[in-house]
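What the coordinates show
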Amino acid sequence: MSSNPITKKNEKAGAEKVVRPDIQHVIAVGSGKGGVGKSSITALLAAGASRAGFKVGILDADITGPSIPKMFGLKMSPERKGFSPMESSSGIKIMSLNLLLASEDDPVIWRGPLIAGAVRQFWSDVDWGELDYLFIDLPPGTADAPLTVMQTIPLDGLVVVSSPQDLVVMVVKKALKMAGTMDVPVLGLVENMSYLICPHCGVETEFFGSPKGEEVSKLTGLPLLAALPLDQKLAEYCDRGLVERYESELFDKLLSILQGDKLI
Ligand SMILES: Nc1ncnc2c1ncn2[C@@H]1O[C@H](COP(=O)(O)OP(=O)(O)OP(=O)(O)O)[C@@H](O)[C@H]1O
Ligand SMILES: [Mg+2]
């Protein structure tokens, strides 16, 4: 970061948070569970905010399993200088460990302190420029990267993602308790893959059994922000590095719920 960082003691989390006056809002997307769609939802929230005219960035805090660059079709470029983010085709600034690797297939075999250090640097040392929104894609669980994000980055809040499978209440509660311990506000719950839209006939099917969003919301006290379908087009766009091109009313609505309630 070019100017002097301002630090603020975070009593509960036992660490200093580094405030960046050039970044207005910071929203993390996380879950206790892997593969529920955290990265896709982070990417789509960022793409929606960018389409709406905001200056947007994505900090990929999944250091050992980064997937954001691939979703946006980005790779490390040798010409890129310094510790600057790369820009997606619509101008979203992205920083990810995969953008620093010579080959995107290289594994990152790091222990906790190195992972925590990378997350801290992505926040403090990257030249993000002025941003309205920075979205943070968290890896699953409660290990080093989510812990460092919650301890050192002043988050406006956390969006918790779940899918309608067994154990979801336990998994959501774990994420909630971690956020509570770290003094991070939880904005709400997004149930992803809630139902399937048939790519042929458009009929909606409850693929993973009945959606649990409402029930989980009641049991955890978290507002249900959205129930999103399993959509083959989204998976395909993510795979082809074209996630920015995916548009859906439901995602636009999710973004406007977050903004309208002044949650972000
Ligand atoms: N609603 C959806 N419809 C169709 N495919 C989806 C949907 N959400 C996510 N996917 C696909 O599921 C896979 C896993 O999604 P994603 O990488 O976003 O999950 P994740 O929670 O970030 O996983 P990880 O825990 O490994 O970081 C991806 O291939 C993605 O394209
Ligand atoms: Mg992910």
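Just above sits the structure.
Each value, and the rule that gives it
- Residues numbered from 1 in each chain as written.
- Chains lettered and ligands numbered in written order.
- Predicted model: local features only at pLDDT ≥ 70, side-chain atom pairs only at ≥ 80, totals over all residues.
- Heavy atoms only, no water.
- Axes fitted to C-alpha atoms, helices over the stretch in contact; angles between N-to-C directions.
- Helix = DSSP H or I, 4+ residues; strand = E, 2+ residues; numbered from the N terminus.
- Parallel < 35°, antiparallel > 145°, perpendicular 65-115°, else oblique.
- Left-handed = near helix turned anticlockwise from the far one by under 90°.
- Contact = heavy atoms within 4.5 Å.
- Nonpolar A, V, L, I, M, F, W, Y, C, P; charged D, E, K, R; others polar.
- Pairing = 2+ DSSP bridges.
- Phe/Tyr/Trp six-rings, centres within 6.5 Å; stacked < 30°, edge-to-face > 60°.
- Buried < 20%, exposed > 50% of the residue type's maximum accessible area, 1.4 Å probe, protein only.
- Salt bridge = Lys/Arg side-chain N within 4 Å of Asp/Glu carboxyl O.

**Focus on the packing of helix α3 (residues 112–124) against helix α4 (residues 144–152)**
Contact pair α3 / α4: the axes reach a minimum separation of 9 Å and the direction vectors enclose 40°. Relative to α4, α3 is oriented oblique. Pair α3 / α4 crosses with right-handed handedness. Here α3 contributes Gly112, Ile115, Ala116, Val119, Arg120 and Trp123 to the contact with α4, which in turn contributes Asp144, Ala145, Thr148, Val149 and Thr152. Of the residues belonging to the contact of α3 with α4, the class tally is 6 nonpolar, 3 polar and 2 charged.

**Some thoughts on the sheet that holds strand β7 (residues 131–137)**
In a beta sheet, neighbouring strands are held together by backbone hydrogen bonds and run either parallel or antiparallel to one another. An order of β5-β6-β4-β7-β3-β8-β9-β12 is seen for the 8 strands of this open sheet, with the pairing classed as mixed. Since the sheet does not close on itself, it has two edges, and those belong to β5 (86–87) and β12 (224–227), each with one partner. With 5 bridges joining them, strand β8 (residues 157–162) and strand β9 (residues 186–191) adopt parallel strand pairing. Residue pairing across strands places valine 160 opposite leucine 189, the latter belonging to β9. Each of β3 (23–30), β4 (56–60), β6 (93–95) and β7 touches α3; the most contacted strand, β4, lies at about 165° to it.

**Overview of the packing of aromatic side chains**
For the structure shown, the criterion picks out 4 aromatic pairs. Here the aromatic rings of tyrosine 237 and tyrosine 246 are separated by 6.2 Å at their centres, their planes lie at 80°, and the arrangement is edge-to-face. Both residues of the pair, tyrosine 237 and tyrosine 246, belong to the buried class. Clustering of aromatic rings is evident, with ring pairs tying together Phe54, Tyr133 and Phe135.

**A closer look at the pattern of salt bridges**
Two side chains carrying opposite charge are able to pair once their charged atoms lie near each other. Taken as a whole, this structure holds 4 salt bridges when the rule is applied. Where arginine 51 meets aspartate 252, a salt bridge forms, and the shortest distance between an N and an O atom there is 3.8 Å. Linking arginine 51 in helix α1 (residues 38–51) with aspartate 252 in helix α8 (residues 249–260), this pair joins segments that are 201 residues apart in sequence. What makes arginine 51 partly exposed here is its relative accessible area of 37%. Between arginine 240 and glutamate 236 there is a salt bridge whose closest N-O contact spans 3.3 Å. Within the structure, one salt-bridge network assembled from shared partners comprises Arg51, Glu247 and Asp252.

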